Each structure stands twice: as C-alpha cells, then as structure tokens.
Amino acid sequence: MTAVDASGRVVQLDRTAFYATGGGQPHDTGTLAGIPVVDVRKDGGNTWHTLGGDDPLPSAGDAVHGELDWERRHALMRTHTALHVLCGVIWKEWGKAVTGGNMEPLSARMDFEFDPLPEGFGRRVEELVNAELAAARPIAVSFLPRGTAVMDEDLIRTKVNMIPESVSEIRVIDIIGLDKQADGGTHVHSTAEVGRIRVLKTESKGRGNKRVRLQVIDN
Ligand SMILES: [Zn+2]
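So, here's what we can say about the structure.

1. What about the coordination of the zinc ion?
So, point 1. Looking at the zinc ion, the protein donor atoms are His80 (NE2), His84 (NE2) and Asp183 (OD), and they sit 1.9 to 2.1 Å from it.
So, point 2. Along the chain, the residues donating to the zinc ion are arranged with the sequence spacing H-x3-H-x98-D. One end of the pair, His80, is in helix 1 (residues 70-94); the other, Asp183, is in the loop between strand 11 (179-182) and strand 12 (196-204), with 103 residues separating them in the sequence. Each member of the pair, His80 together with Asp183, is buried.

2. Some remarks on the sheet that holds strand 11
So, point 1. In spatial order, the strands read 9-10-11; together these three strands make up an open sheet with antiparallel pairing. Every other strand in the sheet has two partners, leaving strand 9 (139-145) and strand 11 as the edge strands with one partner each. With direction set aside, neighbouring strand axes in the sheet form an average angle of 25°.
So, point 2. Taken together, the seven bridges between strand 9 and strand 10 (residues 169-175) define a ladder with antiparallel strand orientation. What sits directly across from Ile139, in strand 10, is Ile175.
So, point 3. Against the sheet, helix 1 makes contact with strand 9, strand 10 and strand 11, and its axis sits at roughly 120° relative to strand 11, the strand it touches most.

3. Here we look at the layout of surface pockets
So, point 1. Counted as a void, the largest pocket has a volume near 1,400 Å³.
So, point 2. Only strand 2 (10-13), strand 5 (46-51), helix 1, strand 7 (98-104), strand 8 (107-112), strand 10 and strand 11 provide two or more residues apiece to the lining of the largest pocket.

Cut-off values and rules
- Residues numbered from 1 in each chain as written.
- Predicted model: local features only at pLDDT ≥ 70, side-chain atom pairs only at ≥ 80, totals over all residues.
- Heavy atoms only, no water.
- Donors = N, O, S within 2.8 Å, 3.2 Å for Na, K, Ca; no water.
- Helix = DSSP H or I, 4+ residues; strand = E, 2+ residues; numbered from the N terminus.
- Buried < 20%, exposed > 50% of the residue type's maximum accessible area, 1.4 Å probe, protein only.
- Pairing = 2+ DSSP bridges.
- Axes fitted to C-alpha atoms, helices over the stretch in contact; angles between N-to-C directions.
- Contact = heavy atoms within 4.5 Å.
- 1 Å grid on protein atoms, 1.4 Å probe; cavity = no way out; pocket = protein on both sides within 12 Å on 5 of 7 lines; lining within 4 Å.
- Points joined across faces, edges and corners; volume = space filled by probe spheres on them.

Below is the structure:
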C-alpha cells in the first residue's frame with residue numbers, strides 16, 4: 001500500500017483492505033505502519049484512515065504495511081449476516097419490513113414495522129433465526145446492473161430504490177433461499193459461521209416500530 005496523501009492525522013492509500021463505516025456496518029480497526037487506525041471513512045471515491053497516537057505519519061509516496069484487527073472484522077461479519085438472517089426470518093414468518101438498526105461487534109439492534117409485537121415474539125424469533133443459522137445456508141455475493149436490480153422483487157422489498165441513481169452496478173448479498181439485499185457490507189460465507197443469536201430484549205419505539213436487541217454468541 002502507498003500513502004498518497006496525508007494531512008492532520010488522516011491518510012489516504014491507493015488501495016485498502018480497511019472497511020469504511022457505511023451501510024450500517026462500523027469501520028475496521030488495525031494498524032498502518034504500526035500506528036493504530038482509529039477511524040475509517042469514505043468521502044466520495046476516497047477512503048480516509050484516521051490514525052491515533054502522535055507517532056509521525058507515513059509520507060505521501062511511502063509504501064505502508066497495513067494490518068486489520070481481524071477479530072473485530074470477523075465479529076462484525078458474523079453480526080451483519082445475523083441481521084440479514086433476522087430480516088429474512090421476520091419477512092418470511094410475519095411479513096414485516098425493517099425500519100432501522102445499528103450494529104457493534106457481536107451485538108446489534110434492529111427495528112421492524114410490528115404493531116404490536118406478537119405474543120411470545122422474542123423466544124419465537126430467536127428459535128427461527130438459530131434454526132436458519134444452523135442450516136448452514138451459503139451466502140453469495142454478486143453484482144447486478146441497476147436496471148436488473150430494480151426489477152427484482154426481493155431487492156425492491158429491501159429498498160434497492162434508495163441507492164443513488166449514480167450507482168450503475170448494485171452489489172447483492174444473497175443468503176440463498178432466505179434473504180436477498182442490496183448491500184455494501186462484509187459477510188461470512190455460510191450462516192453456520194455466525195454461531196447463534198440470543199434475543200436480549202424487545203421494546204416498543206412507537207407505533208409501527210418495534211426494536212429487537214440481540215447478541216451473537218458461539219455455538
Ligand atoms: Zn446489510
């Protein structure tokens with residue numbers, strides 16, 4: 001990797017393995033030239049790595065070695081896939097769409113259009129999600145031309161139309177047979193790699209907006 005610009009405590013590289021915050025998934029951490037990476041953001045076509053500490057930054061043109069905190073990244077991949085499984089299960093079983101969410105490594109919340117939540121929902125959804133995780137469904141990543149993507153029923157349901165018109169190729173995450181979404185995030189290869197989930201809490205966030213809090217745990 002090569003630092004092509006450095007100002008303040010931020011560095012831009014000609015290419016990067018670091019995931020920048022976006023699509024509901026938080027950024028990666030790790031090191032660049034041995035200096036901790038504390039934030040990664042995308043601005044237009046550029047990815048900016050914010051470095052911590054006060055060690056001198058690499059200069060423009062330097063070759064820079066980067067290392068990802070793989071434990072955090074893998075936890076985020078498992079969590080992200082778990083949330084897509086949750087969306088798929090809730091759509092299949094109750095026909096309710098997602099309204100928002102947030103994830104951290106191995107913990108997350110997600111809001112759905114329920115009003116009210118069905119009786120015994122927390123236990124039931126945990127059971128259904130864990131069954132889908134144990135089924136080891138493969139996860140496929142593909143790219144579709146925008147014109148094809150906007151005609152796809154599953155992608156319409158998961159709001160493919162919200163993607164800016166300027167994006168001509170849509171990245172699709174398909175948990176085969178369960179859930180298909182336009183998505184820029186990182187995922188595991190099989191639902192079995194997630195482990196299990198535990199529903200910690202369900203809460204009402206108002207009319208037509210009910211929140212599920214979950215934890216991702218090992219098998
Ligand atoms: Zn996603």
